[in-house]
Amino acid sequence: MEIPVIMGVVTEPPPPPYLDIFVQVIEAETGEVVTTTSVNPAASLVFSIPIVPIGTYIVIAGTDLDGDGTLCEDGDYCGAWPLLGEPAIVEVIQGLESDNVVFQVTVPTQLGG
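Along each chain, numbering runs from 1 in the same order as the chain's sequence is written. Since the coordinates come from a predicted model, pLDDT governs what is reported: local features require at least 70, and pairs of side-chain atoms require 80 or more to be given and counted, while whole-chain, interface and lining totals use all residues. Neither water nor hydrogens contribute to the side-chain values; these are computed over all heavy atoms in the structure.

### A word on the overall build of the protein chain
Reasoning step 1: Of regular secondary structure, the protein chain possesses zero helices and seven strands.
Reasoning step 2: Numbering of helices and strands runs from the N terminus, with a helix taken as a DSSP run of H or I at least four residues long and a strand as a DSSP run of E at least two residues long. Ordered by position from the N terminus, the helices and strands of the protein chain form the series β-β-β-β-β-β-β.
Reasoning step 3: By residue count, 27% of the 113 residues in the protein chain fall in the buried class. Note on exposure labels: buried denotes an accessible area under 20% of the residue type's maximum, exposed denotes more than 50%, and partly exposed covers the range between, all computed with a 1.4 Å probe on protein chains only.

### A word on the state of the cysteines
Reasoning step 1: Here, a disulfide means two cysteine sulfur atoms that sit within 2.5 Å of each other. One pass over the structure, following the stated rule, counts one disulfide.
Reasoning step 2: A sulfur-sulfur separation of 2.0 Å characterises the disulfide bridge that pairs cysteine 72 with cysteine 78. Taking the torsion about the S-S bond as the criterion, the cysteine 72 to cysteine 78 disulfide, at about 90°, is right-handed.

### Concerning unusual backbone geometry
Reasoning step 1: Cis geometry marks the peptide bond from tryptophan 81 to proline 82, where omega comes out at -5°.
Reasoning step 2: By the secondary structure assignment, proline 82 is in strand β5 (residues 82-83).
Reasoning step 3: Here cysteine 72, not a glycine, exhibits a phi torsion of approximately 65°, which is positive.
Reasoning step 4: Structurally, cysteine 72 is set in the loop between β3 (55-62) and β4 (78-80).

### Notes on the nonpolar core
General note: in soluble globular proteins, nonpolar side chains tend to be found buried as a group.
Reasoning step 1: If you look at the biggest cluster of nonpolar residues, it comprises eight residues: Leu19, Ile21, Val23, Val39, Val59, Ala61, Tyr77 and Val105.
Reasoning step 2: At the level of elements, β1 (21-27) and β3 are the ones that each hand at least two residues to this core. Only buried residues count toward a nonpolar core, which is a set of Ala, Val, Leu, Ile, Met, Phe, Trp, Tyr and Cys residues joined through side-chain atoms within 4.5 Å.

### A word on the environment of tryptophan 81
Reasoning step 1: Relative to the helices and strands, tryptophan 81 is located in the loop between β4 and β5.
Reasoning step 2: Classification of tryptophan 81 as partly exposed rests on a relative accessible area of 26%.
Reasoning step 3: Residues tryptophan 81 and isoleucine 60, 21 residues apart in the sequence, show an inter-C-alpha distance of 6.4 Å.

### Regarding the confidence of the model for the protein chain
Reasoning step 1: Confidence of the prediction at every residue is given by pLDDT, a number between 0 and 100. This prediction gives the protein chain a mean pLDDT of 78; 73% of its residues lie at or above 70.
Reasoning step 2: When mean pLDDT is taken per element in the protein chain, β1 scores highest with 92 and β5 scores lowest with 84.
Reasoning step 3: By definition, residues are in contact when any of their heavy atoms lie within 4.5 Å. Low pLDDT (under 50) marks residues 1-10, which in the prediction has zero contacts with non-local residues, meaning those over four places away or in another chain.

Structure representation (structure tokens):
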């Protein structure tokens, strides 16, 4: 027996062009922000991270609507590589360059009102 399946992909609209998106590389063991860069949706959502020391990191991106330096608070757009709920450890190895680190930045759904 065959069951037809119709599948669609729901895409979130990008953040508005007036909001800067900050991308942070965070040291996995200490939680210390090692570097921050930003992009603006009006120009591009492509980012480049400067060289960081050998180590293990997580990469997050988001807005900082209240300007306190903390990303991903209530109302902020937020994302992490590869998934917001399951950020992966990125191991930086000497002489190795990585590209195509792509992930989605969305406004998280508030649960429980």
